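Working through the structure, step by step
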Amino acid sequence: MDTSSFKFYWKKDPVTTLTEQRIVFKQSHSKKSIKISTTQRFGLDGSIIITTEFKNVGKERIPEFTGYTFRDVTFMKDHRYETRESKNVLRSLGDNRGVYATRQSHNGSIEFHLTNFEDSPYAWSARGTKSSYFQSSNEHRFPFNTRSKEIFGKSDSFNDIYDKGDNGRDPGLGKAFAGKGVSWESGISMHTENQSLGVGKTVSMTYSTSVVPISSDPMIDVHQKGTVKDPIMVDPSKKLKLNGSWFYLGSTRISINCLVDAKETDPEKLKHQIMEPINKIADYRQSDYEQSKGIRKPWKHEIDISNLSAGIHTIYFAAKDEVGKTKTSPIKKVVIKIPRHATKKPQIEIDSPVESSSKDDPFDPEYNDGLNLKGSWSDADSKNVDLTYQLDDGQEMPIGENKTHKNILGVPMPWHINNLSIMHINDVKVHKIDIKINDGNDTVIETFYFQKRNGAPILEVPANINFGSNHIIPNKDQVVTADVSGPLRVNDFRGVSNKALKISLQVKHFNQSTFDEDSGKDNTKTLTSSLSLDGQKIPFNTPVQIGPDLYTEDGVWKKTTVLSHKINDKIKLKIHGNNHDSNGDFSSQWFWTASDTI
């Protein structure tokens, strides 16, 4: 690794508004150089999506290239773990979906979803026996060690670069990949398909992780992920097949109930309606061993949807303890969409982010700078149709790479517009997007309305403030300037307001905490120091205002004020010379506040 190439970046996702993080570095040898970028972002369901890109930034083509990612699986509490807690069994999520590991003492499971993306790993293995701290050599041949005694002589991860590992070799939901009774310092190995990588070309690999809490109640999961914003489009002429997993630490027997389109909205009344005896679909059992380990078991169910009307429908699931008869699982739901029946006149529907909107009830994109729109279209007798969209009075744009789409007669077809930028819209007026379909004879338009609305201000603060490594000279003070990473910026969405917005900073003392294993307690040491901003002292534990009072403007949705110049190269720390025995790292908590209260 070229350590000088290491960079860390972050930004706001324009659709979720949550923070993305990216680490970039290079690996080089002779004229060959690969830039590796790993990006973490949040999915709308709370999952973490990880994408690793490998770009050839060298001077020659690499005829055979394979990119790797290794994930250590270790459960920790308060950044510590016991040696006995480092051993895990990696089990299957079923249906070749990925891997999970459970730690009962930590009240949780972690899931690795390895097949959900267009660029999901070509190969992955849940039989890795090395931690993240392992340093490989030619002698080890990791991840191609075929003589691992820990897993009965199976290959450590892969036999060779063409071996897909456990991808496509699913042992079944809840079953271990390496064999019954095997546990170790465990990890997951992944790699791209072996291929030629030309200069400037990139190959990527994406997977996601989810943390699943464990409780004393029955736990149930549905593998199909339909939501109100992204429903599953279904064919009403066929039975809807749903499946998932369950586990329960309380007894060996549960039942699962299913309800389509509940009448109740109150959570307690809804749970009662779902658990009515008429909605019971099956009983399930597990062994005492499976119960003690929280091993997941499969369930499945088919639903006749032929009598359901066109539109959105919600299917609810819940499980019940069949021994104690008192405990029930949290409610799980799947949202489906039954499209309208195809006619000779073309039809187009909008499903997401909402099924319907109007001038009087427009969709609120909240703080997003982009929109994802999805829906379906159909035509009973045309070979081709044109699909376009138009934002307000702007240019008409094709949906997809080309506006002309081939039609399968009478079959509903999906359409989508990904991350349509609305960043340029900075008012609180109602705007529209016309979604058009034309089959040569008729044009049908569905309109999506949205309106940006006023709200609370958002304060973006530096990701890191670092004073570096310093050698303390006895009885001599030192003054160091902070290296500030990231902006200090205010996005004010308050609308018309006569209240000033004040940005303040409160800094805690610089402390060093160490854990005493003998006493089981944390020891804290405080650095004798003082802090200043642009020559003015910042007292510890006392809020100080940064920058001027800020006001909004009439009719403006977002007013942005950058205050980075108020702190960059102006924050200084004086380390006093009377700090004796002050080796190690000292850290401080910095609290930034945006307030318009008087």
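Higher on the page you've got the structure.
The following refers to the structure shown. Quick caveat, the model's predicted, so the values are computed rather than measured.

Moving on to the sheet that holds strand 19 (residues 253–260). Taken in spatial order, the five strands make up an open sheet running 17-23-22-19-20, and their pairing is mixed. Looking at which strands have only one partner, the edges of the open sheet turn out to be strand 17 (232–233) and strand 20 (280–285).

Before going further, it helps to spend a moment on the pattern of salt bridges. Enumeration over the complete set of coordinates arrives at 17 salt bridges. The partner of E396 in a salt bridge is K436, with the nearest N and O atoms 3.1 Å apart. Here E396, found in the loop between strand 26 (384–391) and strand 27 (397–398), pairs with K436, found in strand 30 (residues 430–438); they are 40 residues apart in sequence, far enough to count as distant. Given a relative accessible area of 40%, E396 falls into the partly exposed group. Residue R489 pairs with E460 through a salt bridge whose shortest N-O separation is 3.0 Å.

Sheet architecture is open: three strands sit in the order 24-25-29, paired in antiparallel fashion. Whereas interior strands pair on both sides, the edge strands pair on one side only; in this sheet they are strand 24 (347–352) and strand 29 (413–421). Strand after strand, the sheet turns through a mean of 25° between neighbouring axes, direction not considered. Judged from the seven bridges that link them, strand 25 (residues 370–378) and strand 29 form a sheet pairing that is antiparallel. Across the sheet, the residue bridging to G375 is W415, located in strand 29.

Glancing now at helix 1 (residues 267–274). By the burial criterion, the buried members of helix 1 are L270, K271, Q273 and I274. Projected onto a plane normal to the axis of helix 1, the buried residues spread over an arc of 160° and lie on a single side. Among the exposed residues of helix 1, those pointing more than 90 degrees away from its buried face are E268, K269 and H272. The opening residue of helix 1 is D266, an N-cap whose side-chain oxygen sits 3.2 Å from the backbone nitrogen of E268.

Which parts of space are left empty comes out when a probe the size of a water molecule is rolled across the atoms. Tallied over the entire structure, the rule returns two cavities of 30 Å³ or more. As a volume, the second largest cavity reaches approximately 40 Å³. Around the second largest cavity, the lining residues are P339, R340, Q347, I348, E349, S376, W377, S378 and P412. Of all the secondary-structure elements, those providing two or more residues to the lining of the second largest cavity are strand 24 and strand 25. Partitioned by chemical class, the residues of the lining of the second largest cavity number four nonpolar, three polar and two charged.

On to the pairing of strand 31 (residues 443–451). As judged from the nine bridges shared by strand 30 and strand 31, these two strands associate in the antiparallel manner. Within strand 31, the position partnered with H431 by the bridge is F450. Between strand 30 and strand 31, which pair antiparallel one after the other, the connecting turn spans four residues, and G440 there sits at a positive phi close to 100°.

Thresholds applied
Residues numbered from 1 in each chain as written. Predicted model: local features only at pLDDT ≥ 70, side-chain atom pairs only at ≥ 80, totals over all residues. Heavy atoms only, no water. Pairing = 2+ DSSP bridges. Helix = DSSP H or I, 4+ residues; strand = E, 2+ residues; numbered from the N terminus. Salt bridge = Lys/Arg side-chain N within 4 Å of Asp/Glu carboxyl O. Buried < 20%, exposed > 50% of the residue type's maximum accessible area, 1.4 Å probe, protein only. Axes fitted to C-alpha atoms, helices over the stretch in contact; angles between N-to-C directions. Arc of directions from axis to C-beta. Polar contact = N/O pair within 3.5 Å; in protein donor to acceptor, adjacent residues only side chain to side chain. 1 Å grid on protein atoms, 1.4 Å probe; cavity = no way out; pocket = protein on both sides within 12 Å on 5 of 7 lines; lining within 4 Å. Points joined across faces, edges and corners; volume = space filled by probe spheres on them. Nonpolar A, V, L, I, M, F, W, Y, C, P; charged D, E, K, R; others polar.

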